[in-house]
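Each chain is listed here by its residues.
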Amino acid sequence: MVKQYATAAGLDASTFGAHFLRAGYITTAAEREADPARIMDQSGHRDTRTEVGYVRRANAFKEHAGSGFL
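Before going into details, it helps to say that this report is about the structure given with it. Computed from a predicted model, the values in this text were never measured in an experiment.

### Let's talk about the nonpolar core
1) Next: Ranked by size, the top nonpolar core spans five residues in total: Ala23, Ile26, Ala29, Ile39 and Tyr54.
2) Next: Broken down by element, the residue count for this core peaks at three residues, all from helix H2 (residues 18-31).
3) Next: With residues near it in sequence (within four places) discarded, Ala29 still touches Ala34 and Ile39.

So this is what it looks like as structure tokens:
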């Protein structure tokens, strides 16, 4: 369904999918400092290592030493 709508919008459907939406949700929730247990409840992840992987990516540039350069 995601690919169908991406195609209809004139986008390259090969770059979109269910994982894309799930990853975006988890990353955004982590960036907004949502409770990790709540994120896992909603994403369906059972292993905290999976969820932590998204959180690390979301916070990669938070308080980064080079943030003033941008």
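### Thoughts on the packing of H2 against helix H3 (residues 36-43)
1) Next: Here H2 crosses H3 at 165°, and the two axes come no closer than 10 Å. One element, H2, and the other, H3, form an angle in the roughly antiparallel class. Of the two elements, H2 crosses H3, and the hand of that crossing is right-handed. Contact with H2, carried on its side by Arg22, Tyr25, Ile26, Ala29 and Ala30, involves Ile39, Gln42 and Ser43 of H3 and no other residues of that element.
2) Next: Its residues assigned to classes, the contact of H2 with H3 comprises five nonpolar, two polar and one charged.

### Some words on the packing of aromatic side chains
1) Next: Taken as a whole and assessed by the stated rule, the structure comprises one aromatic pair.
2) Next: Seen in terms of ring centroids, Phe16 and Phe20 are 4.8 Å apart; in terms of plane orientation they differ by 75°. Their pairing is edge-to-face.
3) Next: Judged by relative accessible area, which is 22%, Phe16 ranks as partly exposed.

Cut-offs applied
Residues numbered from 1 in each chain as written. Predicted model: local features only at pLDDT ≥ 70, side-chain atom pairs only at ≥ 80, totals over all residues. Heavy atoms only, no water. Core = buried A, V, L, I, M, F, W, Y, C linked by side-chain atoms within 4.5 Å. Buried < 20%, exposed > 50% of the residue type's maximum accessible area, 1.4 Å probe, protein only. Helix = DSSP H or I, 4+ residues; strand = E, 2+ residues; numbered from the N terminus. Contact = heavy atoms within 4.5 Å. Axes fitted to C-alpha atoms, helices over the stretch in contact; angles between N-to-C directions. Parallel < 35°, antiparallel > 145°, perpendicular 65-115°, else oblique. Left-handed = near helix turned anticlockwise from the far one by under 90°. Nonpolar A, V, L, I, M, F, W, Y, C, P; charged D, E, K, R; others polar. Phe/Tyr/Trp six-rings, centres within 6.5 Å; stacked < 30°, edge-to-face > 60°.

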